[in-house]
Amino acid sequence: MTVEIGQKVPDIELLGDHGEKVKLSDFEGKYVVLYFYPKDMTPGCTTEACDFRDRHESFAELDAVIIGVSPDDQARHEKFKQKHDLPFLLLVDDEHKLAESFDVWKLKKNFGKEYMGVERSTFLIDKEGRLVKEWRKVKVKDHVAEALQAVKEIAEA
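Here the structure is a predicted model, which is why all the values come from computation and not from measurement.

### Brief notes about the overall build of the chain
Regarding its fold elements, the chain presents five helices and nine strands. Across its three principal axes, the chain shows a C-alpha extent of roughly 45 × 35 × 30 Å. Within the chain, the proportion of its 157 residues that are buried is 45%. If you take every contact in the chain between residues at least 6 apart in sequence, the share linking residues at least 24 apart comes to 65%. A total of about 8,200 Å² of accessible surface is found on the chain, and carbon and sulfur atoms cover 48% of it.

### Let's talk about the nonpolar core
Counting 23 residues, the largest nonpolar core has Y35, F52, F59, F88 and V151 as its most contacted members. Sorting the residues of this core by element identifies strand 3 (31-36), helix 1 (43-54), strand 4 (64-70) and helix 5 (143-156) as the ones contributing at least two each. Not counting chain neighbours up to four residues away, the residues in contact with Y35 comprise E48, A49, F52, I66, I67, G68, V69, F88, L90, S121 and T122. Core analysis: the next-biggest nonpolar cluster, separate from the first, contains 22 residues, V22, L24, F102 and V104 among them.

### A closer look at the UniProt feature "active site" (unreviewed entry) in the chain
According to UniProt, the feature "active site" (unreviewed entry) maps to C45 in the numbering used here. Residue C45 is classed as buried on the basis of its relative accessible area of 1%.

### Observations regarding the pairing of strand 3
Of all six residues in strand 3, six are buried; the element is thus mostly enclosed. Here strand 3 shows two buried faces, one formed by Y31, V33 and Y35 and the other by V32, L34 and F36. Pairing between strand 3 and strand 4: six bridges, direction parallel. What sits directly across from Y35, in strand 4, is G68. Where strand 3 meets strand 8 (residues 121-125), five bridges bridge the pair, whose relative direction is antiparallel. Paired with V33 across the two strands is L124, which belongs to strand 8.

### Let's talk about the packing of aromatic side chains
Here the structure, examined in full by the defined rule, presents nine aromatic pairs. A centroid spacing of 5.8 Å and a plane angle of 85 degrees characterise the contact between F36 and F123, whose relative ring orientation is edge-to-face. With a gap of 87 residues between them, F36 in strand 3 and F123 in strand 8 connect regions that are remote in the sequence. Across this residue pair, the class does not change: F36 and F123 are buried.

### Details of the pattern of salt bridges
Scanning all chains against the criterion turns up 16 salt bridges. Two residues, D72 and K39, come together in a salt bridge whose shortest N-O distance is 3.8 Å. A residue pair is termed long-range when its members are at least 10 positions apart, and D72 in the loop between strand 4 and helix 3 (74-84) and K39 in the loop between strand 3 and helix 1 qualify at 33 residues. Beyond isolated ion pairs, a larger network of salt bridges with shared partners links K30, D63 and K127.

Here is what the cut-offs are and how they apply
Residues numbered from 1 in each chain as written. Predicted model: local features only at pLDDT ≥ 70, side-chain atom pairs only at ≥ 80, totals over all residues. Heavy atoms only, no water. Helix = DSSP H or I, 4+ residues; strand = E, 2+ residues; numbered from the N terminus. Buried < 20%, exposed > 50% of the residue type's maximum accessible area, 1.4 Å probe, protein only. Contact = heavy atoms within 4.5 Å. Areas by Shrake-Rupley, 256 points an atom, 1.4 Å probe, with all protein chains shown as cover. Core = buried A, V, L, I, M, F, W, Y, C linked by side-chain atoms within 4.5 Å. UniProt positions renumbered as here; feature names shortened; annotations may be inferred. Pairing = 2+ DSSP bridges. Phe/Tyr/Trp six-rings, centres within 6.5 Å; stacked < 30°, edge-to-face > 60°. Salt bridge = Lys/Arg side-chain N within 4 Å of Asp/Glu carboxyl O.

Set out below in structure tokens:
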């Protein structure tokens, strides 16, 4: 079952980058910007993570937390965070349970090869844990600014 706008998001427990168990319900009372990305240390994913890093304080001022999710393991997440000074949580979705629940685990094609992977997507969750906005098939350029603007609009409503 795929979560849809207006619904409560699934409360799947995943491993965080520091080895802690994390569920989305742990963040109720805050806005959550949940972004799925294919792989740590790749150009597009690094650019997106650094864009979120650079606007992290602006999100925090709006009572929003940023959470990145990919199939990479904890050690790779930790290395990625340290290398790029990322101040937000990265979750390990190696079994792609969360990705599947948001319908971002997709068949992809690259250079004639087909494989399963994460479709870059971002979801905005309200303070009650309901999905309020989604961006699918995200293009990295200007995306973080657009997500920040959406949080501002919802926070001011």
